[in-house]
Every structure is written in structure tokens, then in C-alpha cells.
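# Examining the three-dimensional arrangement
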Amino acid sequence: RRRCARTSAGRFVYEANVSMSLSTLGLVLGVFEKEGEEDGLHLTEAAAGFDQTLSGKLSELLKISGPALKQGKSRVFYGIHKDFPCVAVVGLGKNNEGVCGKENWDTSKENIRQAVSAGCRLLQDLEVNHVEVDACGDAQSAAEGAALGLFHYDQLKSKKKTKVTTQLHGSADSASWEKGVAYAEGQNLARLLMEAPANHITPTAFANTIEEKLGPHAERVTINKRSQSWIEEQQMGAFLSVSRGSEEPPVFLELHYNGSPDSKQAPLLLVGKGITFDSGGISLKPSPSMDAMRADMGGAATVCASIVTAAALKLPVNIIGLAPLCENMPSGKATKPGDVVRAKNGKTIQVDNTDAEGRLVLADALCYGHTFNPRAIVNVATLTGAMDVALGSAATGVFTNSDWLWEQLHKASVVTGDRVWRMPLFQHYTRQVTDCQLADLNNIGKYSRSGGACTAAAFLREFVTAPHWAHLDIAGVMSNKDEVPYLRKGMSGRPTRTLVEFAAGLAHDS
Ligand code: BES
Ligand code: ZN
Ligand code: ZN
């Protein structure tokens, strides 16, 4: 009888709580592996504090519930604390791992992102609505893990995952937490734009979305959504040759973020490939996986999202963002293999493969970008399948004429864990695109498949005169299966956080 009464009383209390607050609270706490001890654990500061309020109950439960938590593993405890019905404890690996010279990233930060994301997702699956998160010694990485790990594109589904809000547990370093949230939200904006279907994110819809996101920062931002007639006036013949097969009008999006106290400070120029759907055009792609080409605006998405983030963080730097946005479609009006077009700088291009369209839209955007006398130019593009063959999803390929710029990008990527790797810009590749039958340049290398990422970079270089330019080929990192554990399956939004960290570094430099 007694047991029965207790159960029904317990259930009553539980239901009363739920209907009063309409939300379940959860907590994510970290534990390190103890150096030199096979089965030892070492609680983070927050976990130790929590353990103390429970007179050591947490450490006791951790001991009896199984082997010591290894890095990336997690365990949930129910009903151990009156404020937190669900507590997820996550393994952070060894304490003080820091930067790893072989992996080119900060292992401690990566472990925190991974563990916190796993803990938050576990609680989300249990329909917990609000999660407090242990800073784990690095509140920015913890925030990134939480916000990146919970993101899931289900806008177009009737049945959605539980919406989870997060907050830092305790008061430690809330500024770093907020910074981490901003970085992650930037990447999540890029993920949203990339994942969304191409009939929803048209060039016009893309530009409108970015305009809306920049709305709150209007006093530091100007936006120009240039239409077809402006593009024609600018004589961007290469860009127009890609757009002409589509019924959807092209947009040339131009963003100016003026964050520097010195309004005359030379801007950082970011240029993103904005093909909202790449069918290949007349050089039509095969059907399997063609749907992934809705993310062929990943360059534009990561560039624009990083400018939205720079504005949200009020970074003291001037940035100009350019995104040539259009579809690449086959039709009676489409560009045909062998056609010759004229870029903004007067160079003629023989378009032997209409599927090598990214370099065409970027050529005109790069020419236009030089008119702002930028201190550095960084273009970002899902440019070649060959980049994916070369590095897979481990790192973005960087082709640059500047050791200084390479250093800045590399340094930023070690912090974010969204890595870059340097690739060559040899004359060897230039010869393969300048040897052309009808025009100054051919849009494909003459040994077509060999070194495809490098010949594409060599092509872009023909439209660059600035001393500090980098081309980031993000085709390999465009989507995630399960390689990056704190990103769910889907379009990745990489390397938005690296771009933001890089811009923040330049702000420091000036
Ligand atoms: N958008 C593609 C590259 C791509 C492929 C990005 C797979 C992400 C995943 C690009 O426009 C393209 O089709 N490039 C061609 C170039 C070739 C025709 C020289 C390619 O890589 O096959
Ligand atoms: Zn293509
Ligand atoms: Zn493309």
C-alpha cells in the first residue's frame, strides 16, 4: 500500500511540475579522464560544485554506473537534483591537451564541442526543453558545441524535434559563452541557407534573407541587391553566361559592414560563389546526388553569414561582401560548350564545360571587388569535385599568393577546429587554362580531370592583381555525414567560424 501511495504521489508531483513550468530542465556536466589512472575521473569545476551540493552523490553514481567515461561518451542520471530532473555527464578526454601540431587544431576545444553537443542532443531526445551547460573550462567552445549540436533543419517538416534553449550553468565567463553562441549561430545561418531547397532559396530569396538578418545592424551596414540590368552595365559577361539558361533572375549582392572606428580603413573583401542550384547546364550533371547542388551557394552563404556574425559581434573592422547569385540551368537560351564569353576585365573565356560555372561568376566578382582597394581578398566557393577527392572533408583547401594571408587563415582555423590546408598555385596549372583554341582562357584545364582543384584556382588567379588574395575551395567540406561529430548529417556551413575568427584577427591587427 505504502509503495503504491508513494508512486501515485510521486507521479502527481511530477505532473504538477510539468504543467506549472511547461518545460523540463536539464544539465550537461563534464568530466576529464584522470592522468595516469586507468579508471579515474576528474570533475570540472562546475561538476565538482554540483557534486558537493549533493554530498558526493554524483561521483558515487559515476563510479557505480559503469567504466570511467571516455572522451565523447555520456551518461544520463535522473532525479538526482530537485532543479534538474535530467543530468547528462559527458567525457572530455584528458585535461590540458591544447593545440596539437599534427592535427592542426586545439584538441581540448574540439573535445569540449563534441562532448557538449553529445550531451545536449541526448537531453533533446529525452524532450528536455531547457539545458544548462557546464563551461568545461572554455565557455566559447561549450556554447559552440551546444548550438551547433542542436541545430537541425526541420522547417519544412510537420513533425519537429523538441526545441531546446540553452544557457551557461553558473556565472563563469558569460562573455565567452555569448561569443560562442554568436559564432555557432553564424554557422547555423549558413547551414540553413545551404540545406534549404533551391525552390525556396532562389537568388532573390537568398538576398532578402541576408537583408533581413542584417536589419538589426542597419547603422553599420549598407546592402545593395543589384539586378540583371546593373550586372549588364558592369559588363559581367562571364556571370551572365551562367545565369542565362535560368528563368530565375540573377542578383549581385553587395554588403558593406563598417565596423572600424576608422571609416577609411581599407576593407577586407569576401567573395562567395552563389549558385543556388547547379544542374551543370548543358554539360548536365548525372541525376544521383544532383540534389546536393542546392548547396552550391555555400561560398555565398558562409561569406554572408560571417558578415552577419561580424556585425552581431560589432567587430572593429571594415568588410565588404560580394555574392554573385544565380542558377546554372540548361535551356534553349543556355550557354553551349565551345561558346566564348567576355569577362568584366575584357578577358575572353571559352566555355568548354558549362558545369565549370563557379569560376565564371567569381571571375567577374573578383574584377569588381578590386575597385574597393581591399587590404585582402578572400573568395570562398564549392568550386570543384576534385577538391573533395584531394582532402575530403578534413579541411578547406586554400590557394593563396600571400604567406601573410595564409598565416592568418591557418591561425584562425586552429582555434575553430574548422581546418584549412594550403594548396599550390604553380604556373604548371596556369599553362593548362591559358592554352586555349578560341579565347584567352579555357574554363577547364586541358587535362580535364588531373589536378582539377588546382587548375580552377589557376583560372581564378587570372582575375586577381591584388597582392593578398586567397581562394578557399569548400567543395569537400560542403556536407557532413558523421565526420564532424558536433554537426548533424546535412550541409555543414563550414568554414563560417574560421572566417569570423580570421576577420576578428584582422580587427586586432589594425
Ligand atoms: N559545384 C560543382 C563542384 C562540386 C562538386 C561541389 C561536388 C560540391 C560537390 C562545380 O560547379 C563543378 O561542377 N565543377 C566541375 C568542374 C569540371 C567540369 C572541370 C567538377 O568538379 O566536376
Ligand atoms: Zn558546376
Ligand atoms: Zn558549381
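These numbers were taken from a predicted model, which means no experiment stands behind them.

## Observations regarding the overall build of the chain
Looking only at helices and strands, the chain has 16 helices and 22 strands in total. For 510 residues, the compact-globule estimate of 2.2 N^0.38 gives 24 Å, and the C-alpha radius of gyration of the chain, at 25 Å, lies within 12% of that figure. With respect to the three principal axes, the spread of C-alpha positions in the chain is 90 × 45 × 45 Å. Buried residues in the chain amount to 57% of all 510 residues.

## Concerning the nonpolar core
By size, the foremost hydrophobic cluster in this structure holds 60 residues, and its most contacted members are F206, L253, L268, I319 and V378. Take this core: its biggest share by element is nine residues, from helix α10 (residues 298-312). Other than its neighbours up to four places away in sequence, L268 contacts N318, I319, I320, R375, A376, V378, F502, A503 and L506. One finds V271, I349, I377 and Y429 within the second-largest nonpolar core, a separate group that totals 48 residues.

## Examining the UniProt feature "domain: Cytosol aminopeptidase" (unreviewed entry) in the chain
Under the UniProt annotation, the feature "domain: Cytosol aminopeptidase" (unreviewed entry) is placed at residues 353-360. Its end C-alpha atoms 11 Å apart, residues 353-360 is made of 38% helix and 0% strand.

## Describing the coordination of the zinc ion (ligand 2)
Around the zinc ion (ligand 2), the protein contributes the donor atoms D278 (OD), D355 (O), D355 (OD) and E357 (OE), which lie 2.0 to 2.2 Å from the metal centre. On the primary sequence, the residues serving as donors to the zinc ion (ligand 2) are separated as D-x76-D-x1-E. For the pair the zinc ion (ligand 2) and the zinc ion (ligand 3), the metal-to-metal distance amounts to 3.2 Å, and D278 bridges them. Of this pair, D278 sits in strand β12 (residues 274-278) while D355 sits in the loop between β15 (348-351) and α11 (358-369); the two residues are 77 residues apart in sequence, bridging distant segments of the chain.

## Comments concerning the coordination of the zinc ion (ligand 3)
Taken together, K273 (NZ), D278 (OD), D296 (OD) and E357 (OE) make up the protein donors of the zinc ion (ligand 3), found 2.0 to 2.4 Å from the metal. Considering all six donor atoms around the zinc ion (ligand 3), the spread of angles at the metal, 77 to 174°, places the coordination shape in the octahedral class. Look at where the donors of the zinc ion (ligand 3) fall in the sequence and you get K-x4-D-x17-D-x60-E.

## What about the site of ligand 1?
Of all residues adjacent to ligand 1, which total 16 residues, the nearest are K285, D296, D355, E357 and G385. Residue K285 places a side-chain N or O atom 2.8 Å away from an oxygen atom belonging to ligand 1. The backbone of T382 places a nitrogen or oxygen atom 3.4 Å from a nitrogen atom of ligand 1. Here ligand 1 has 520 Å² of accessible area as a free molecule, and 77% of this is covered by the chains.

Reading guide: rules and limits
Residues numbered from 1 in each chain as written. Chains lettered and ligands numbered in written order. Predicted model: local features only at pLDDT ≥ 70, side-chain atom pairs only at ≥ 80, totals over all residues. Heavy atoms only, no water. Helix = DSSP H or I, 4+ residues; strand = E, 2+ residues; numbered from the N terminus. Rg over C-alpha atoms; globule rule 2.2 N^0.38 Å. Buried < 20%, exposed > 50% of the residue type's maximum accessible area, 1.4 Å probe, protein only. Core = buried A, V, L, I, M, F, W, Y, C linked by side-chain atoms within 4.5 Å. Contact = heavy atoms within 4.5 Å. UniProt positions renumbered as here; feature names shortened; annotations may be inferred. Donors = N, O, S within 2.8 Å, 3.2 Å for Na, K, Ca; no water. Tetrahedral: all angles 85-135°; square planar, octahedral: opposite > 155°, others 65-115°. Near = heavy atom within 4 Å. Polar contact = N/O pair within 3.5 Å; in protein donor to acceptor, adjacent residues only side chain to side chain. Areas by Shrake-Rupley, 256 points an atom, 1.4 Å probe, with all protein chains shown as cover.

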